[in-house]
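Tertiary structure, described
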Amino acid sequence: KLLGTGLEISKSITVDDTGLHHLGKNGYCTHIGNEFFAYFESTDRKSRINFLKILLRKDARHQINGYSIDYYRNQKVSAEKLALLKRSRGKKFKNKAEWEKYLQILGIKDDYHIRKATEGALLGQLLKSEMNPALIIVSHWPCDLAV
């Protein structure tokens, strides 16, 4: 609830990840916040996909829409894969399994394009239904989520 409210009322947020090692395993603590709120979540990975899933607050549905297509263009997804994803505009997926099956059907099988397609579809879901698309995200690592 805190993160959702913070994202709704904020014009900008900062995000930072701190690595940790505990009981022989690596982990990360992600901070999202600004002068009005601070949200922390511990996870086992650090990536754009992980960050987007945190912002979606466990509702990691996927959606291909204009935000997704703009992201794919900005990320310089290959013309062939971009054309496949553009034809998929308007599609929504309830969960990771549905999404991954669809990528296989499209023939998107290499790690790079799976990662970029997933980032864009999560971003599409996030900006369409959860968050102000004009929100400024300040990050110490290249987040590059602008659309």
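Report on the accompanying structure. The numbers attached to residues start from 1 for each chain and follow its sequence in the written order. Given that this is a predicted model, residues contribute local features only at a pLDDT of at least 70 and side-chain atom pairs are listed and counted only at 80 or more, while totals for whole chains, interfaces and linings are drawn from all residues. To get the side-chain values, take all heavy atoms of the structure and skip hydrogens and water.

Because each turn of an α-helix spans 3.6 residues, side chains separated by three or four positions in sequence point in the same direction. Relative accessibility decides the category of a residue: with a 1.4 Å probe and only protein chains considered, values under 20% of the type maximum give buried, values over 50% give exposed, and everything between is partly exposed. Numbered from the N terminus, helices here are DSSP runs of H or I no shorter than four residues, and strands are runs of E no shorter than two. Those residues of helix α5 (residues 96-106) that sit buried are W99, Y102, L103 and L106. Down the axis of α5, the smallest arc covering the buried residues is 100 degrees, so these residues share one side. Those residues of α5 that are exposed and angled more than 90 degrees off the buried face are A97, K101 and I105. Definition of a polar contact: a pair of N or O atoms within 3.5 Å, with one able to donate and the other able to accept a hydrogen when the atoms are protein atoms, and with sequence-neighbouring residues admitted only if both atoms are side-chain atoms. Between the side-chain oxygen at the start of α5 and the backbone nitrogen of A97 there is a gap of 3.2 Å, and the oxygen is on N95. In the stretch just after α5, G107 is the one whose phi turns positive, near 85 degrees. The directions considered for the arc run from the helix axis to the C-beta atoms.

Note: strand β1 (residues 12-22) against strand β2 (residues 25-33), 9 bridges, orientation antiparallel. The residue of β2 that forms the bridge with G19 is Y28. Remark: 2 residues form the turn of the hairpin made by β1 and β2, two consecutive strands paired antiparallel; L23 in that turn has positive phi of roughly 50 degrees. When DSSP finds two or more bridges between a pair of strands, those strands are recorded as paired. Note: β2 against strand β3 (residues 38-43), 6 bridges, orientation antiparallel. Its bridge partner lying in β3, C29 is registered against S42. In textbook terms, the turn of a hairpin is the stretch between consecutive antiparallel strands, and for β2 and β3 this stretch comprises 4 residues.

Limitation: the analysis is restricted to geometry and does not speak to function.
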